[in-house]
Amino acid sequence: MLLHFTKMHGLGNDFMVIDLVTQRARLRDEQVRQLADRRFGIGFDQLLVVEPPRDPDMDFRYRIFNADGSEVENCGNGARCFARFVRDQRLTHKHEIHVETSGGPLTLLVEDDGQVTVDMGVPRFAPQALPFEADEDRLRHGLDVEGERVELGVVSMGNPHAVLRVDDVERAPVERLGPAIEHHPRFPRRVNVGFMEVVSPHEIRLRVHERGSGETLACGTGACAAVACGIRQGLLESPVTVHLRGGDLRIEWPAEEAPLRMTGPAERVFDGRVALA
Ligand SMILES: N[C@@H](CCC[C@H](N)C(=O)O)C(=O)O
C-alpha cells in the first residue's frame, strides 16, 4: 500500500509525520527502522503518528517512535511539528490543541508568528519517575560509567532524561558517554543524556544524545530537562534561551509546581508517498 507522509523538522530534529486519521496503516518495529534509515529509507530521528483521540476531551492522540523502532512517551520538537501538521492538513482549525501521549496530556499553542508553544507539564525529579535506581531524590546523583564517576541530574519530562554539566559543550564526550549512560543498568528503560554548558543564568548551550536515535541537532524535552535541572540546582533562572546545534529554544519555568513552557519553530520540508513492504 502507498502511505502519504510529510517530512518536517524542529531545529534540525527531523520527523516523518503520518496522518492515521484519514489513512489506515499498522507499522511494525522493523518497518519503522527501515523507514528511519538515512540511506535505504526516508531518514528521520523520530516517526510521529497522528491518530484520533481515545479520550473525548482530547483533539488527537500523538504517538512517537524513535529511529530504532521503540515507542516513547514524549517529544518536544515533535509536538511543535505535530501542531503545525494538523493545522496545515486541515485536521483542525484550533490554535490551542490538546493531545494525548503515552506520557500524559500536552497542550500545544500555535502563535500568530507560526512559532509553537508547548505546555510540557511539570518536571518529575523522583528517581522512580524515570525510572533510575537510587535510594533517594537528590539534586545530583553520582554514576560510575566508562571507568569514571560523573554527576548528573535526573528528571522525567514524560520521558527520562539525565543532565550533566560540562565546561565546554563542543568538547563534551557526547559520543563516548552518551550511549554508555543511555544503556547504564541503573536506567532500566534507558535514558536521554544532555550535556549542558551554563553561559549565564538565562542562557545555556546543550547537546543531547537521544535514547533510540543517537545525538540529534536539537531535543525539546532535553532542553526542558536541562533547564529544570539547572533551575533546581540554582544555576539558572527562568526564562532560559537554550542554544542547540540546530537553533534556539526559549524555555520558561515560572514556579516549582508550574508546567514548563517551550517555544520554538516547526518546519515542513516536503510531502511524499512510500510503499510499505
Ligand atoms: N527529539 C525529542 C525526544 C524524542 C524521544 C526520545 N528520544 C526518547 O527516547 O525519550 C524531543 O524533541 O523531545
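Per-chain numbering applies: the sequence of each chain, read as written, is numbered from 1 onward. Local features in this predicted model are restricted to residues whose pLDDT is 70 or higher, and side-chain atom pairs enter the listing and the counts only when it is 80 or higher, whereas totals over whole chains, interfaces and linings include all residues. The basis for every side-chain value is the complete set of non-hydrogen atoms in the structure, without hydrogens or water.

- Within an unreviewed UniProt entry, the label attached to the chain reads Diaminopimelate epimerase, and the organism entered is Billgrantia montanilacus.
- Here the chain is described in UniProt, under the heading Pathway (unreviewed entry), as follows: "Amino-acid biosynthesis; L-lysine biosynthesis via DAP pathway; DL-2,6-diaminopimelate from LL-2,6-diaminopimelate: step 1/1." UniProt positions are given in the numbering used here, feature names are shortened, and annotations may be inferred rather than shown by experiment.

Focus: the nonpolar core
Then comes step 1: Within the largest apolar cluster, 53 residues are counted, with the highest numbers of intra-cluster contacts made by Tyr62, Leu108, Val242 and Ile251.
Then comes step 2: Residues lining this core come from more than one domain, with at least three contributed by each of domain 1 (2–111 + 266–275) and domain 2 (127–258).
Then comes step 3: Two residues form a contact once any of their heavy atoms are found within 4.5 Å. Excluding residues that lie within four positions of it along the chain, Val242 makes contacts with Ile204, Leu206, Ala223, Val227, Gly247, Asp248, Leu249 and Ile251.
Then comes step 4: Within the second largest apolar cluster, 19 residues are counted, among which are Leu164, Val166, Val193 and Phe195. As used here, the term nonpolar core means buried Ala, Val, Leu, Ile, Met, Phe, Trp, Tyr and Cys residues forming a set that is joined through side-chain atoms within 4.5 Å. Relative accessible area decides the class of each residue, using a 1.4 Å probe on protein chains only: under 20% of the type maximum gives buried, over 50% gives exposed, and in between gives partly exposed. Where each domain starts and ends comes from a domain assignment, either automatic or drawn from a database.

Some thoughts on the site of the ligand
Then comes step 1: For this description, a residue counts as near a given molecule or strand if any of its non-hydrogen atoms is within 4 Å of it. Close to the ligand lie 15 residues; Asn13, Glu210, Arg211, Gly220 and Thr221 are nearest.
Then comes step 2: Asn192 is positioned with one of its side-chain polar atoms (N or O) 2.9 Å from an oxygen atom of the ligand.
Then comes step 3: Between the ligand and the protein, one listed contact pairs an oxygen atom with a side-chain N or O atom of Thr221 at 2.6 Å.
Then comes step 4: Buriedness for pockets is judged along seven lines, at least five of which must meet protein on both sides within 12 Å for an open set on the 1 Å grid over protein atoms alone, while cavities are sets there where a 1.4 Å probe fits but cannot get out, and lining residues have an atom within 4 Å of a point. A pocket or cavity is taken to hold a molecule when more than half of that molecule's atoms are within 2 Å of the pocket's grid points. Its atoms largely coinciding with the cavity grid, the ligand occupies the largest cavity.
Then comes step 5: In this description a helix means any DSSP run of H or I spanning at least four residues, a strand means any run of E spanning at least two, and both kinds are numbered starting from the N terminus. Every element with two or more residues in the shell around the ligand is listed here: helix H2 (76–88) and helix H4 (220–232). N or O atoms closer than or at 3.5 Å make up a polar contact, with two conditions inside protein: a donor-capable atom paired with an acceptor-capable one, and, for residues adjacent in sequence, both atoms drawn from side chains.

Considerations on the UniProt feature "binding site: substrate" (unreviewed entry) in the chain
Then comes step 1: If you check UniProt for "binding site: substrate" (unreviewed entry), the listed places come out as Asn13, Gln46, Asn66, Gly76, Asn77, Asn159, Asn192, Glu210, Arg211, Gly220 and Thr221 in our numbering. Lining the largest cavity, from the set of annotated residues above, are Asn13, Gln46, Asn66, Gly76, Asn77, Asn159, Asn192, Glu210, Arg211, Gly220 and Thr221.
Then comes step 2: Among residues more than four places away in sequence, those in contact with Asn66 are Val32, Asp45, Gln46, Val72, Arg211, Gly212 and Ser213.
Then comes step 3: A polar contact is formed between the side chain of Asn66 and the side chain of Gln46, at a distance of 3.0 Å.
Then comes step 4: If you trace the backbone, Glu210 turns up in strand S13 (residues 203–210).
Then comes step 5: For Glu210, the residues in contact, after removing those within four places along its chain, are Asn13, Gln46, Glu182, Asn192, Glu215, Thr216, Ala218 and Cys219.

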